[in-house]
Amino acid sequence: QVQLVESGGGLVQAGGSLRLSCTASSDIHTIQNMGWYRQAPGKQRELVASIARGGKTNYADSVKGRFTISRDIASDTVALQMNNLEPEDTAVYYCNAGVTLSYYNRTYYPQGYEHFYWGRGTQVTVSS
């Protein structure tokens with residue numbers, strides 16, 4: 001299995017910065033995509049930013065220009081630098097990592113099955 005460990009959450013004032021970090025551990029799987037999602041109370045979990053193994057990034061419109069995602073392939077670590085934080089950024093942030101499997105639940109997928117793992121989440125609270 002793939003295990004994800006997140007760190008860096010906390011309480012910060014509006015306009016401040018936080019840096020989230022997530023390290024994945026896997027025995028046999030190569031991690032393809034990594035990213036950060038967040039879920040605020042009463043809202044659905046949403047993508048914040050993601051980065052593919054090849055380096056392609058994707059950001060939610062609400063965080064473009066403020067957040068930067070980066071990745072270290074060697075250590076399977078993804079980081080999210082969050083600047084100019086706003087109260088609306090308050091949420092539980094979850095690390096996500098995807099792998100491509102040939103077998104999943106005893107079913108063979110010739111073209112691969114993309115399976116995602118989730119971290120336990122880290123709380124980010126931005127005060128006004």
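About the thresholds
Residues numbered from 1 in each chain as written. Predicted model: local features only at pLDDT ≥ 70, side-chain atom pairs only at ≥ 80, totals over all residues. Heavy atoms only, no water. Helix = DSSP H or I, 4+ residues; strand = E, 2+ residues; numbered from the N terminus. Rg over C-alpha atoms; globule rule 2.2 N^0.38 Å. Buried < 20%, exposed > 50% of the residue type's maximum accessible area, 1.4 Å probe, protein only. Contact = heavy atoms within 4.5 Å. Areas by Shrake-Rupley, 256 points an atom, 1.4 Å probe, with all protein chains shown as cover. Core = buried A, V, L, I, M, F, W, Y, C linked by side-chain atoms within 4.5 Å.

Let's talk about the overall build of the protein chain
Consideration 1: Across its full length, the protein chain carries zero helices and 11 strands.
Consideration 2: Mapped in sequence order, the helices and strands of the protein chain form the string β-β-β-β-β-β-β-β-β-β-β.
Consideration 3: In terms of overall dimensions, the protein chain is globule-like: its C-alpha atoms have a radius of gyration of 15 Å, near the 14 Å expected for 128 residues.
Consideration 4: When its C-alpha atoms are laid out on the principal axes, the protein chain stretches across 50 × 30 × 25 Å.
Consideration 5: Residue burial in the protein chain is summarised as follows: out of 128 residues, 38% are buried.
Consideration 6: Counting only contacts in the protein chain whose residues sit at least 6 apart along the sequence, the fraction spanning at least 24 positions is 56%.
Consideration 7: On the protein chain, roughly 7,300 Å² of surface is accessible, and the fraction owed to carbon and sulfur atoms is 44%.

Describing the nonpolar core
Consideration 1: Grouped together as the largest cluster of nonpolar side chains are 32 residues, with contacts concentrated most on Trp-36, Leu-80, Met-82 and Tyr-93.
Consideration 2: Of all elements in the fold, only β1 (2-7), β3 (18-26), β4 (31-39), β5 (46-52), β7 (67-72), β8 (77-82), β9 (91-104) and β11 (122-127) reach the threshold of two or more residues within this core.
Consideration 3: If you tally residues by element for this core, the top one is β9, at six residues.

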